[in-house]
Amino acid sequence: MPSSTAATPEAGLFRRSYDLVRSQGFGIACGLLTTLLLAVGTLVMAFTADGASSGVAMDDLTAFFLPVSGWHLWLYLLMPVLGLFGLSTLLSTIESVADAWRAGRRTLSAYAPAVIHVAFLVTLCAHVVGGFRGQEDGVVTVGSDWTRLPDGRDIRAISLATDAYPDGSPLQVRAQVEIRDVGGEVSTESVGYNEPISSGWGADLLLLLRAAGEPTGALLTAGPAECLLAGPGDACTLAGRVIRLVRVQEGGHWGNTPVAFLQIEGAGAPEPFFLWPGGRRVLSENGASFQLAEIRSSPVVMLRSRHAPGNPFALVAAVLLGLGLLAMGRRWGLATR
């Protein structure tokens, strides 16, 4: 009579499958296949950049399925391969940790590979979470006035610095902004190309799309006297007359030179006129004059708001990877005996 504890065919098949998946050869095969599929994907995405892959951006994976395309077969194959790769890594890590513990190895270096493997698994989670849960929250144009962000905070631009190439084209743009949270606390942040503003451990990003100085004010002078008109509607007294700024226009039929439209106010109807930088106005009644010394600009930045929930996972993976490398004491002279 057969023993009740004898292994069944199903149990034997499960054990063989388990041993195969956790084997080193299986992991190497998954790694090589992953490399091959990514190489194919690089070529396909370059070839279909204006077609099937035109909607792919950043870490978004949903664009590969809207709609499903034969061009993206490499990704559809890559996903189960990475799933098996992750499963193989998990099983082999559990086995190696258990074997090291049973063998009485208590040094950090004995578990360093396991920590590095966990970092790899967390990295896979970061790609999945970020790829399928990330979303665009819209584009916000920010000037000198407070503007509401999609997450409920307020933001305004306070300065803009531009480094240029010798031919005048922009090399680097960096804007200083103030952000006011829902509690009213204000903080100053810097944003530039490839330097987003992040919060929530990187889960929420404000990426710079465009930045420019928008002409909004004018500085008038009459000898040593100065009159700063910060924005449309501002007025001051200069050369014995009240001068009001109507608007500043960046360019027109006269060319690309910005022009300030002003008006002289008094007892009668306002007298409109315009000046470009360096232009002078002579008053007919007393011969006094003033000139437009410069046109002042206010920074305007266009920010793209994106929710990227995979970034905190990526940060954890980076920390684990660093810890795993440090724990390899025999390579860093930190081994304990």
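Scroll up to find the structure this text is about.
Residues numbered from 1 in each chain as written. Predicted model: local features only at pLDDT ≥ 70, side-chain atom pairs only at ≥ 80, totals over all residues. Heavy atoms only, no water.

1. Here we look at the sheet that holds strand S9 (residues 235-238)
Moving on, step 1. Spatially, 4 strands are ordered S9-S10-S11-S12 in an open sheet, and the strand pairing comes out antiparallel. The sheet terminates laterally at S9 and strand S12 (271-275), the two strands that pair on one side only. Across the sheet, the axes of successive neighbouring strands diverge by a mean angle of 35 degrees, strand direction being ignored.
Moving on, step 2. The pairing of strand S11 (residues 259-265) with S12 spans 5 bridges and is classified as antiparallel. Within S12, the position partnered with Ala260 by the bridge is Leu275. (Pairing = 2+ DSSP bridges. Helix = DSSP H or I, 4+ residues; strand = E, 2+ residues; numbered from the N terminus. Axes fitted to C-alpha atoms, helices over the stretch in contact; angles between N-to-C directions.)

2. Observations concerning the side chain of Asp154
Moving on, step 1. Relative to the elements of secondary structure, Asp154 occurs in strand S3 (residues 154-164).
Moving on, step 2. Looking at Asp154, the relative accessible area reads 10%, which means it is buried.
Moving on, step 3. A polar contact of 2.5 Å, which involves the side chain of Asp154, links it to the side chain of Arg148.
Moving on, step 4. The contact partners of Asp154, leaving out residues within four places of it in the chain, are Trp146, Thr147, Arg148, Glu178, Ile179 and Arg180. (Buried < 20%, exposed > 50% of the residue type's maximum accessible area, 1.4 Å probe, protein only. Polar contact = N/O pair within 3.5 Å; in protein donor to acceptor, adjacent residues only side chain to side chain. Contact = heavy atoms within 4.5 Å.)

3. Some details on the side chain of Thr89
Moving on, step 1. Here Thr89 is to be found in helix H3 (residues 73-102).
Moving on, step 2. In this structure Thr89 comes out as buried when scored by relative accessible area, which is 9%.
Moving on, step 3. Once residues lying within four places of it in the same chain are set aside, the contact partners of Thr89 are His117, Phe120 and Leu121.

4. Describing the nonpolar core
Moving on, step 1. By size, the foremost hydrophobic cluster in this structure holds 19 residues, and its most contacted members are Leu220, Leu262 and Phe290.
Moving on, step 2. Elements with a minimum of two residues in this core: strand S7 (204-222), strand S8 (225-229), S9, strand S10 (241-249), S11, S12 and strand S14 (289-307).
Moving on, step 3. Once you skip the residues sitting within four places of it in the chain, Phe290 turns out to touch Leu220, Thr221, Ala222, Leu238, Ala239, Ile243, Phe273, Leu275, Gly279, Arg280, Arg281 and Leu283.
Moving on, step 4. Grouped together as the second largest cluster of nonpolar side chains are 16 residues, Val142, Val177, Leu208 and Ala211 included. (Core = buried A, V, L, I, M, F, W, Y, C linked by side-chain atoms within 4.5 Å.)

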